[in-house]
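# Structural description and commentary
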Amino acid sequence: KRSRPSPGTLKIMPRKYETCNPKDLGALVANMLMELIRINDQIPLRDGRLTRFHSRAPPGISVADYLQRLIQHATLSPPILLSMVFYIDRLCSDYPNFTINSLTVHRFLITAGTVAAKGLSDSFWTNPTYARIGGIPVSELATLELEFLERVSWRIVPRPEMLVDYYCSLVDRTEGYILEE
């Protein structure tokens, strides 16, 4: 467990993830993604291990900025963001060739955000809107979405207690953040 900074510099997160600011939660998710990328970028790519989520080169936008862009323009709520974290575990366990790295993270995020919004929200945007926000062609988003859904066997709705666990874990693992008492 990491040491916590002095009390004046702590960001206090609400106990219930449903009430947290999506941008704050996005910062926690981006931090976790950057840790995964630092580790997974050291694993050499082998032939046959490329997936549809791999791009030729990392996009010019940082993971944190890209995720904040998705949060703002695609109006991703806390349950959707936590579901995206859940999807990382699901996809990695159901699809051994997939890892979150600098070549896959952006495509994963727009795909996971699209799937989560459609599966968990009563109102969501169209694929052309998500594709425009994510900076990819509509046909590519549709292909990624179908690949994603098939890889997770169309099981995209996490149990509510899992989202609580992911939220608490994200807060606990990120320096400078703490849950309110």
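Residues numbered from 1 in each chain as written. Predicted model: local features only at pLDDT ≥ 70, side-chain atom pairs only at ≥ 80, totals over all residues. Heavy atoms only, no water.

An unreviewed UniProt entry annotates the protein as Cyclin-domain-containing protein originating from Dissoconium aciculare CBS 342.82.

### Quick word on the overall build of the protein
What counts here: Strands are runs of DSSP state E lasting at least 2 residues, helices are runs of H or I lasting at least 4, and numbering of each runs from the N terminus. We compute the radius of gyration from the C-alpha atoms alone; for a globule the expected value is 2.2 Å times N to the 0.38, where N is the number of residues. The classification of residues rests on relative accessible area computed with a 1.4 Å probe and restricted to protein chains. Under 20% of the type maximum is buried, over 50% is exposed, and intermediate values are partly exposed. We call two residues contacting when some pair of their heavy atoms lies within 4.5 Å. In this tally, Lys and Arg are treated as positive and Asp and Glu as negative; His is ignored, and so are the chain termini. In plain terms, the charge of a residue is placed at NZ if it is Lys, CZ if Arg, CG if Asp and CD if Glu.
In terms of regular secondary structure, the protein is built from seven helices and two strands. In sequence order, the secondary structure elements of the protein are arranged as β-α-α-α-α-α-α-α-β. The C-alpha radius of gyration of the protein comes to 16 Å, within 12% of the 16 Å expected for a compact globule of 181 residues. Principal-axis analysis of the C-alpha atoms places the extent of the protein at approximately 45 × 40 × 30 Å. The proportion of buried residues among the 181 residues of the protein is 45%. Considering only contacts in the protein between residues 6 or more positions apart, those separated by 24 or more positions represent 82%. Side-chain charges of the protein comprise 21 positive and 19 negative groups, with the mean position of each set lying 3 Å from the other.

### A short note on the side chain of S83
Structurally, S83 is set in helix α3 (residues 78-94). Sequence-distant contacts of S83, that is, excluding residues within four places in its chain, are made with A116, L120, P158 and L163.

### Quick word on unusual backbone geometry
It is generally the case that most residues other than glycine have a negative phi and that most peptide bonds are trans. Positive phi, close to 55°, is recorded for S153, a residue that is not glycine. In this fold, S153 is placed in the loop between α6 (138-151) and α7 (160-173). Unusually for a residue other than glycine, W154 sits at a positive phi of about 65°. Looking at where W154 falls in the secondary structure, it is placed in the loop between α6 and α7.

### What about the nonpolar core?
Filter applied, for reference: We define the nonpolar core as a collection of buried residues of types Ala, Val, Leu, Ile, Met, Phe, Trp, Tyr and Cys that are connected through side-chain atoms lying within 4.5 Å of one another.
Ranked by internal contacts, the top residues of the largest apolar core, which has 55 residues, are L33, Y87, F108, L109, F148 and Y167. Elements with a minimum of two residues in this core: α1 (22-40), α2 (63-73), α3, α4 (105-120), α5 (127-134), α6, α7 and β2 (177-179). Here the element with the most residues in this core is α3; it accounts for nine residues. Apart from the residues within four sequence positions on either side, L33 is in contact with V63, I88, I100, V105 and L109.

### Digging into the pattern of salt bridges
How we decide: Any carboxyl oxygen of Asp or Glu within 4 Å of a side-chain nitrogen of Lys or Arg constitutes a salt bridge here.
Considering all chains together, one arrives at nine salt bridges under this definition. E147 is the partner of R151 in a salt bridge, and the nearest nitrogen-oxygen pair spans 2.9 Å. Within this pair, R151 and its partner E147 are both found in helix α6, separated by four residues, close to a single helical turn. Here E161 makes a salt bridge to R159, at a shortest N to O gap of 2.8 Å. For R159, a relative accessible area of 48% translates into the label partly exposed. The network of salt bridges with shared partners includes R52, E147 and R151.

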